Amino acid sequence: MDAREEGSDPAALLENMDLEGLKELRKKLDRAIASYETRKRQEALSAAEQAAREHGFKLTELLGEGKPGKGRKTSGDKTGGAAKYVNPSDPEQTWSGRGRRPHWVNDALESGRTLEELAA
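Residues numbered from 1 in each chain as written. Predicted model: local features only at pLDDT ≥ 70, side-chain atom pairs only at ≥ 80, totals over all residues. Heavy atoms only, no water.

Draft legend 1. Structural detail: helix α5 (residues 103–110). Burial in α5 covers these residues: W104, V105 and A108. The buried residues of α5 all sit within an arc of 100° when viewed along its axis, so they share a single face. In α5, the exposed positions angled more than 90 degrees off the buried face are occupied by H103 and E110. Those residues of α5 that are buried are in contact with β1 (85–87), β2 (90–95) and α6 (115–118). (Buried < 20%, exposed > 50% of the residue type's maximum accessible area, 1.4 Å probe, protein only. Helix = DSSP H or I, 4+ residues; strand = E, 2+ residues; numbered from the N terminus. Arc of directions from axis to C-beta. Contact = heavy atoms within 4.5 Å.)

Okay, structure coming up:
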């Protein structure tokens, strides 16, 4: 196999990378995945807003947000969902510290970061 053929085989490239290179690649992949998910979420939200407009509504009206007495029920603790941790690669991703850890928190901890470094 010549260098050109080896360069086109992703598995061979990964096999030849050192740990630091693999971790850096994982960070880049995590950022790319988060960016992709954010774009797709925004596209879905825009499509939903457009569909609501076509039917003469605002999306918030259909979801029950913004009107007193309507919408989701909340618990008595208003601060329970406050963000305590933020993904440094994607500030839109937060975690309150309650419930199951998000994948980005687990990935950060596996790569040597601490929860204190992720604190909001």
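Draft legend 2. Quick look at the layout of surface pockets. The computed volume of the largest pocket comes to approximately 420 Å³. The wall of the largest pocket is formed by 19 residues, among which D30, N87, S89, W104 and D107 lie closest to the centre. Going through the elements one at a time, α3 (19–54) and α5 are the ones with two or more residues in the lining of the largest pocket. Per-element accounting of the lining of the largest pocket gives the leading share, eight residues, to α3. (1 Å grid on protein atoms, 1.4 Å probe; cavity = no way out; pocket = protein on both sides within 12 Å on 5 of 7 lines; lining within 4 Å. Points joined across faces, edges and corners; volume = space filled by probe spheres on them.)

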